[in-house]
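Summary of the model geometry
The chain contents come next:
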Amino acid sequence: MLTEKYSKLQSILREMDSVVVAFSGGVDSTFLLKAAVETLGPEKVLAVTADSETYPSSELQEAIKLAEQIGVKHQVIETSELAIPGYAENSKNRCYFCKSSLFDHLIPVMEEKGFKNAIYGVIADDMNEFRPGMQAAKEKGIRGPLQEADLYKEEIRELSREFDLPTWDKPSFACLSSRIAYGEYITKEKLTKVEKAEYYLKSLQIRQVRVRTHQDIARIEVEPKDMAIILENHDTIVRNLQEFGYKYITLDLIGYQSGSMNKVLS
């Protein structure tokens, strides 16, 4: 089954002939980039990474290293989500504005460099989740070969491991804006506060963490097995997160949940 899906992915990529890949350095876009290079050859693939205030600098540096490891041309472009009309207001369609702007930057690169298609790492799992960015991709003609090949996250991780990609077990990641409650205005200061808090918590050997932000409240999400680390270090965690700007520090007993902010949208 998995071999058949990968063969289908390769067929889709061959039909595209040459591609610009929206490359974040996450599990999905890294595998997509690797598959494109293996299928089309490095001369027909370009990785493009957006450097913006909504992604930590550590993620950008990792993307640069991954592209070098894969052996593909890589271009970093400057973007600013906070400058996009409608984005900072943080409505439920925030991701639509973000992806629409990203693709508006991606398409000119594709045309200037002479590539025929632009693609991104949407996957089969995303079809059952609230993903307004997919509408932007549809409008701009940006395709998602992983989703078209019906590949799911766990399958992508398995294939990534077979390709010896270091991202095969990388924790899921989303932009820092996804940590801020809908309706609460997004600012550079709030994004920096989230980035510092999550970087600190990861230094305690917690791999999967979210610091969901509700005004002055930090709602920490970690996997249940890591809750003991939070409790054992609660004094220093409180002190550090208060220095970063939070007034109240809480631990969500449900644990880490991808897209947990979307619960209020029902």
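Remember, it's a predicted structure, so these values are computed and weren't measured experimentally.

What follows covers the sheet that holds strand β7 (residues 248-251). The strands making up a sheet are joined through hydrogen bonds of the backbone, oriented either antiparallel or parallel. Across the sheet, 3 strands lie side by side as β5-β6-β7; this open sheet has mixed pairing. The open sheet is flanked by β5 (209-214) and β7, the only strands paired with a single partner. Strand-to-strand twist of the sheet, defined as the mean angle between neighbouring strand axes without regard to direction, takes the value 25 degrees. With 6 bridges connecting them, β5 and strand β6 (residues 217-222) associate as antiparallel partners. Bridge pairing in β6 links R210 to E221. Contacting β5 and β6, helix α8 (residues 188-202) crosses the sheet at an angle of about 150 degrees to β5. Sitting on the sheet, helix α10 (residues 234-244) touches β6 and β7, and the angle it makes with β7 is about 130 degrees.

Those places that UniProt annotates as "active site" (unreviewed entry) correspond, in this numbering, to C175. Following the sequence through the fold, C175 ends up in the loop between α7 (153-162) and α8. Judged by relative accessible area, C175 falls into the buried class, the value being 10%. Beyond its immediate sequence surroundings of up to four residues, C175 is in contact with T54, Y55 and Y87.

Residues given the UniProt feature "domain: NAD/GMP synthase" (unreviewed entry) here are residues 15-81. Within residues 15-81, the helical portion is 45% and the strand portion 25%, while the C-alpha atoms at the span's ends are 32 Å from each other.

Turning our attention to the packing of aromatic side chains. Summed over all chains, the structure comprises 6 aromatic pairs. Relative to F97, the ring of Y96 lies with its centre 5.8 Å away and its plane at 75 degrees, an arrangement referred to as edge-to-face. Overall, the relative accessible area of 25% leaves F97 in the partly exposed class. With a centroid separation of 5.3 Å and an interplanar angle of 70 degrees, the aromatic rings of F103 and Y120 are classed as edge-to-face. In this pair, F103 sits in helix α4 (residues 94-113) while Y120 sits in the loop between β4 (117-119) and α5 (133-140), placing the two residues 17 residues apart along the sequence. A single burial state applies to F103 and to Y120, both of which are buried. Ring pairs connect the aromatic residues Y6, F31 and F163, which therefore count as one cluster. The ring of Y246 is capped by K193, whose NZ or CZ atom sits 4.4 Å from the centre of that ring.

What follows covers a nonpolar patch on the surface. Where nonpolar side chains cluster on the molecular surface, the patch consists of F130, V264 and L265 and spans about 260 Å² of accessible area. Inspection of the secondary structure assignment puts V264 in the segment after β7.

For the rest of this paragraph, the subject is the sheet that holds strand β1 (residues 19-22). Reading across the sheet, the 4 strands line up as β3-β2-β1-β4 and stay open at both edges, with parallel pairing between neighbours. In the strand order of this sheet, the two ends are held by β3 (73-78) and β4, each with one partner. Mean inter-strand twist for the sheet, computed between neighbouring axes without regard to direction, equals 25 degrees. Along the sheet, helix α2 (residues 27-40) makes contact with β1, β2 (45-51) and β4, crossing β1 at roughly 165 degrees.

Definitions and limits used
Residues numbered from 1 in each chain as written. Predicted model: local features only at pLDDT ≥ 70, side-chain atom pairs only at ≥ 80, totals over all residues. Heavy atoms only, no water. Pairing = 2+ DSSP bridges. Helix = DSSP H or I, 4+ residues; strand = E, 2+ residues; numbered from the N terminus. Axes fitted to C-alpha atoms, helices over the stretch in contact; angles between N-to-C directions. Contact = heavy atoms within 4.5 Å. UniProt positions renumbered as here; feature names shortened; annotations may be inferred. Buried < 20%, exposed > 50% of the residue type's maximum accessible area, 1.4 Å probe, protein only. Phe/Tyr/Trp six-rings, centres within 6.5 Å; stacked < 30°, edge-to-face > 60°. Lys NZ or Arg CZ within 6 Å of the ring centre and 35° of its normal. Patch = residues over 30% accessible without salt bridge, like charges linked within 9 Å, V, L, I, M, F, W, Y side chains within 5 Å. Areas by Shrake-Rupley, 256 points an atom, 1.4 Å probe, with all protein chains shown as cover. Salt bridge = Lys/Arg side-chain N within 4 Å of Asp/Glu carboxyl O.

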